[in-house]
Amino acid sequence: MANALRYVPFAATLAAALHLTPVMADPGNLPRPVTDADYVPVDPDEARLGQLLFYDPILSGNRNISCATCHHPKFGTSDGLSLGMGEGGIGLGPDRHVDPANPPELRIPRNAPALFNLGAREFTRLFHDGRIEADPMRPSGLRTPLEDEMVTGFDSVLSAQTMFPVLSPDEMAGHYQENEIAKAVRSGRITGKGGAWDLISARVASIPAYAAMFARVYPDIGEGRPIAFTDISNAIAAFMALEWRSDDSAFDRYLRGQGDLPKAARRGMELFYGRGGCATCHAGPFQTDHGFHAMGEPQLGPGKAERFERHSRDIGRMRVSNRPEDAYAFRTPSLRNVMHTGPWGHAGAWSDMRKFLAHHADPAQGLGGYDRAQAVLPAMQSEKDDWAILDDPAEVAAIEAAARPGVRLSQAEIDDLIAFLDALSDETALKGRLGVPDSVPSGLPVER
């Protein structure tokens, strides 16, 4: 890796340096301000290379889907859908629809998570079920579904996470017999010569502009080392870390003593860090404990099952840990820019934040009142019914039984929480620092 240049457009103010805290009812409940030390330094040249790769469909099996298809700044780094449509879809965001010439086999089973602050040091578990996490006891330094086949060379959990979608037939790889990458995935050839990652690397290396950029960013590639898949993923991770670093919301400035919040947001903040109990899980400077909690969320779509399984359930963390107490538990998301990342929930079941908060604060009320019109699901035919779980009383009862108790909130309190969550919006991060490129080296279309 090239020598990292410290990217610091977020210089600490005097107030932050002196640890000044605004006066409020109970400042001890508030998190400390986010600082530069919370983030891994980023090489701007590596990030600029990653920007092009992030928006380039060259990484997908059929050269028609980029990382940005499901994680676009236009939709708060998500896709505006409850459950995304990868291979077999046309269009962007809520306008995405089935390609009649190549319809998808399944919806993507979970909501596309937002990408803000994933370059911060404390983010060592990713995906809704945490199936990728740092593990210093393993040779790769990571625990992933690839187990012992996981290669070394990924700079971080974020780098490793970035590249797993290219292996998914429903996300980016494409379906069997459609292309050489899909065939490699289907036959279990992921790493090594002729594996899916090697085939993608060869595609990128064959483009002169990419070859020149990799040689400049990584000196050993300039000296003759072939471009590896980990180089691609490391560059994309650097871009994501720089582009969507989010630490300049009104709440961040409040914590640094640089300004106040509107009265409604102040009331929402005190509820969030007080009686509402939100900070029990949404704790710390990034408002996440990085843990897993069962919140009685509606399950819709195909669920998380192996290809040979016929069920539609998603048991969350239990798929990773095999512990019954982890059934229906999902990772606590960070909340910067959360008002811009809907629909919300691991299955994107809620498109109205007020209704989501009413249920999320008090999961014990059950799923009987869930309005299916909340789901944003482009029409498609698939082998699995989107409502199979919610139509099964036994499945619903299991989700409800696992849910943790909560607090019933009034509509006025929900309005105050909305005002506070809106104060977590960071316009710089929402816009992005490098933005959407005009073109990419492959010459393929860039989604806007």
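Residues numbered from 1 in each chain as written. Predicted model: local features only at pLDDT ≥ 70, side-chain atom pairs only at ≥ 80, totals over all residues. Heavy atoms only, no water.

When two helices pack together, their arrangement is captured by the angle between the axes and the distance separating the axes. Contact geometry for helix α14 (residues 353–361) and helix α16 (residues 411–422): axes closest at 10 Å, N-to-C directions at 115 degrees. Overall, the two elements α14 and α16 adopt an arrangement that is roughly perpendicular. Here α14 and α16 pass one another in a crossing that is right-handed. The residues of α16 that touch α14, namely those facing Met353, Arg354, Leu357 and Ala358, are Ile414, Asp415, Leu417, Ile418 and Leu421. Looking at the contact of α14 with α16, its residues break down into seven nonpolar, no polar and two charged. (Axes fitted to C-alpha atoms, helices over the stretch in contact; angles between N-to-C directions. Helix = DSSP H or I, 4+ residues; strand = E, 2+ residues; numbered from the N terminus. Parallel < 35°, antiparallel > 145°, perpendicular 65-115°, else oblique. Left-handed = near helix turned anticlockwise from the far one by under 90°. Contact = heavy atoms within 4.5 Å. Nonpolar A, V, L, I, M, F, W, Y, C, P; charged D, E, K, R; others polar.)

Attention now goes to the pattern of salt bridges. Applying the stated criterion across every chain yields a total of 30 salt bridges. The salt bridge partner of Arg143 is Glu133, with a shortest N-O separation of 2.3 Å. Pair noted here: Arg143 is in strand β5 (residues 142–143) and Glu133 is in strand β4 (residues 132–134), with a separation of 10 residues, a long-range link. Asp231 is the partner of Arg225 in a salt bridge, and the nearest nitrogen-oxygen pair spans 2.9 Å. Arg225 sits in the partly exposed class, given a relative accessible area of 30%. Taken together, the shared-partner salt bridges connect Asp36, Arg245, Asp247 and Arg256 into one network. (Salt bridge = Lys/Arg side-chain N within 4 Å of Asp/Glu carboxyl O. Buried < 20%, exposed > 50% of the residue type's maximum accessible area, 1.4 Å probe, protein only.)

This paragraph deals with the environment of Cys281. Counting through the fold element by element, Cys281 comes out in the loop between α12 (263–272) and β6 (292–294). Look at Cys281 and you get buried, because its relative accessible area is 10%. Sequence separation of Cys281 and Arg331 is 50 residues, and the distance between their C-alpha atoms is 9.7 Å. With near-sequence residues (within four places) excluded, Cys281 lies in contact with Thr288, Asp289, His293, Thr332 and Arg404.

None of this, on its own, says anything about what the molecule does.
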